[in-house]
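An overview of the molecular structure
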Amino acid sequence: WYGILCTNNGGTNLSAGRNDTGVITGINLRANNLTGTLPWVVFMLPKLSKLILASNQIISIESVSRSKFLENTTYADNEDNNNENSGTRGDDKDLTIHTDVFENRTDNENKNMDQNVPLSSLNIDFQESKTLVYLDISKNNISSQVDPLAAASFIFSQLGIIAPELKYVNLSNNRLGGTLPSNAFSSLPNLVEVDLSYQKAKPAPLSGSLPSFENMTQLEVLNLAGNELNGTIPTTFFAGLSDPTKFVSINLASNRVTGSIPLKLARLTRLDLHLQNNRITHIPSALCSSTSQWMNNTVSRYGCRAILCPLTTYNKFGRQFSDDTPCKNCYDNVMDYYGRTTCDRTVIQPMTYPPNPPTDLTPEEQYKILSSPHFW
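Quick summary incoming for the structure in this document.

About the criteria used
Once a new chain begins, its residue numbering starts again from 1 and follows that chain's sequence as written. Residues qualify for local features only when their pLDDT is at least 70, as the model is predicted, and side-chain atom pairs are given and counted only at 80 or more; totals for whole chains, interfaces and linings, by contrast, use all residues. Only hydrogens and water are removed before side-chain values are computed, so all heavy atoms of the structure are retained for them. Counting from the N terminus, the helices are the DSSP runs of H or I reaching at least four residues and the strands are the DSSP runs of E reaching at least two. For this analysis, residues touch if any pair of their heavy atoms sits within 4.5 Å. Only the protein chains shown count as covering a residue, and every accessible area follows the Shrake-Rupley method with a 1.4 Å probe. Here, two cysteine sulfur atoms that lie within 2.5 Å of each other are counted as a disulfide. Take the buried residues of types Ala, Val, Leu, Ile, Met, Phe, Trp, Tyr and Cys, join any two whose side-chain atoms come within 4.5 Å, and each joined set is a nonpolar core. Exposed residues in this analysis have more than 50% of their type's maximum accessible area, buried residues have under 20%, and partly exposed residues fall in between, with area computed by a 1.4 Å probe over protein chains only. Here, any two strands with at least 2 DSSP bridges between them count as paired. Think of it this way: a Phe, Tyr or Trp ring, Trp meaning its six-membered ring, pairs with another when their centres are within 6.5 Å, and the plane angle makes it stacked under 30 degrees, edge-to-face over 60, tilted otherwise. Orientation is described by lines fitted to C-alpha atoms, with helices fitted over the stretch in contact, and by angles between N-to-C directions that extend from 0 to 180 degrees.

**So, the overall build of the chain**
When its secondary structure is counted, the chain shows six helices and 20 strands. Once local pairs closer than 6 in sequence are excluded, the contacts in the chain between residues at least 24 apart make up 62%. Working note: accessible area of the chain is about 17700 Å², and carbon and sulfur atoms make up 47% of it.

Set out below in structure tokens:
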């Protein structure tokens, strides 16, 4: 099947057209004209580790309570999937999957399939998934059909039920509105990367105070750019990170964040912090020392300008990261915020980013930057 990755019991990828019996470990249906609601049953594939449904027209994730989800789960013994005492789903015969997902298939037999196929006929063993770690449903139209004013919070609570082991979540460029509560990601304690940038929700975009995320011990990459988050950066921002010496990337650009950058963020020794196009009025000089490793070591060369262009200056990046990107004086000296990308203080423009990642990072760190929306 197009976009479906299977492996055999030994973990070897199966070639298309072979008749080996295997398990589904990956689904990639990016830009495949999918519409409607993503059914939660997809998350019950027991060995699924990666699900990519980006650039479609999905409008929501089907709502399910934890009790209902567990009722419809096959509890297979971890040591023996054929354990005769395993529970089984009682309603497979009622569940169907629309074969539009096979739109690009070439197999003649699959082309003749009915439009709606009972899941039971596909011989798939549904269990509670504890292997799904990567989810990309960016660039869709996902919102909450239950409460549009709390869409982001609702979606993450659902993900905590149906995919509690997630580490990488990309929900950028959707329609998630409302506020982010202080415990927004607490249902997914293993999160390493989260992207909620550029939500298009109307009339209530992603807004409210910036949470501290202090209970997230593994979170290393957070992208909330292009929303309407407001208030100051909490002094406990990322305080719970288990290893503060790791490379950490936080993108809060083009929001409405105010005040000073907390001095306590100095505990994150290798921080890449994007705050351009906000309402920042102060940067503690202690964050701009010549020994700083912030902003991929550019702070050690350009001081506070590597974090944000100072008052009365600007450039199209909102910061200096090379000799060729100096912060320029504004003609009227009326700039009232750090990190402006234009001299017009009434206008906040979308950010422009450097075309390439810094070269002094490890391949893993460069991948993190390249995989972020600001390099798409």
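**With respect to the state of the cysteines**
The tally for this structure, following the rule as stated, stands at three disulfides. Each disulfide pairs two cysteine sulfurs, and for Cys309 the partner residue is Cys327, the sulfurs being separated by 2.1 Å. Here the disulfide of Cys309 and Cys327 is left-handed, its torsion about the S-S bond being about -80 degrees. Here Cys327 lies in the loop between strand E19 (313-314) and strand E20 (328-329) and Cys309 lies in the loop between helix H5 (299-302) and E19, a separation of 18 residues in the sequence.

**With respect to the environment of Leu159**
Considering the arrangement of structural elements, one finds Leu159 in helix H3 (residues 151-162). It is 9.0 Å that separates the C-alpha atoms of Leu159 and Ile61, two residues lying 98 residues apart in sequence.

**Digging into the nonpolar core**
Phe43, Leu159, Leu171, Phe185, Leu196, Phe237 and Ile261 are the most contacted members of the largest nonpolar core, which has 74 residues in total. Secondary structure elements with two or more residues in this core: strand E2 (23-28), strand E5 (57-61), H3, strand E15 (247-251), strand E17 (270-274), helix H4 (294-297) and H5. With eight residues, H3 is the single largest residue contributor to this core.

**Considering the sheet that holds strand E12 (residues 206-209)**
As summarised here, the arrangement of the five strands in space is E10-E12-E14-E16-E18, forming an open sheet in which the pairing is parallel. Across the chains shown, the open sheet's two edge strands, defined by having one partner strand only, are strand E10 (178-179) and strand E18 (279-282). Pairing between strand E16 (residues 256-260) and E18: three bridges, direction parallel. Looking at the pairing, Ser260 lines up with His282 of E18.

**A few points about the packing of aromatic side chains**
For the coordinates displayed, the defined rule picks out seven aromatic pairs. Measuring from centroid to centroid gives 6.2 Å for Tyr134 and Tyr168, while their planes differ by 40 degrees, and the two rings are tilted. Here Tyr134, found in strand E8 (residues 134-136), pairs with Tyr168, found in strand E9 (residues 168-170); they are 34 residues apart in sequence, far enough to count as distant. Relative accessible area serves as the criterion here: at 30%, Tyr168 is assigned to the partly exposed category. For the ring pair Phe213 and Phe238, a centre distance of 6.3 Å and an interplane angle of 70 degrees mean the geometry is edge-to-face.

**Topic: the sheet that holds strand E4 (residues 50-52)**
Read from one edge of the open sheet, nine strands run E1-E2-E4-E8-E9-E11-E13-E15-E17, paired in mixed fashion. Here the strands that pair on one side only, and so sit at the sheet edges, are strand E1 (4-7) and E17. Across the sheet, the mean angle from the axis of one strand to that of its neighbour is 10 degrees, orientation sign disregarded. Looking at chain direction, E4 and E8 are connected through three bridges and run parallel.

In short, geometric facts, not functional conclusions.
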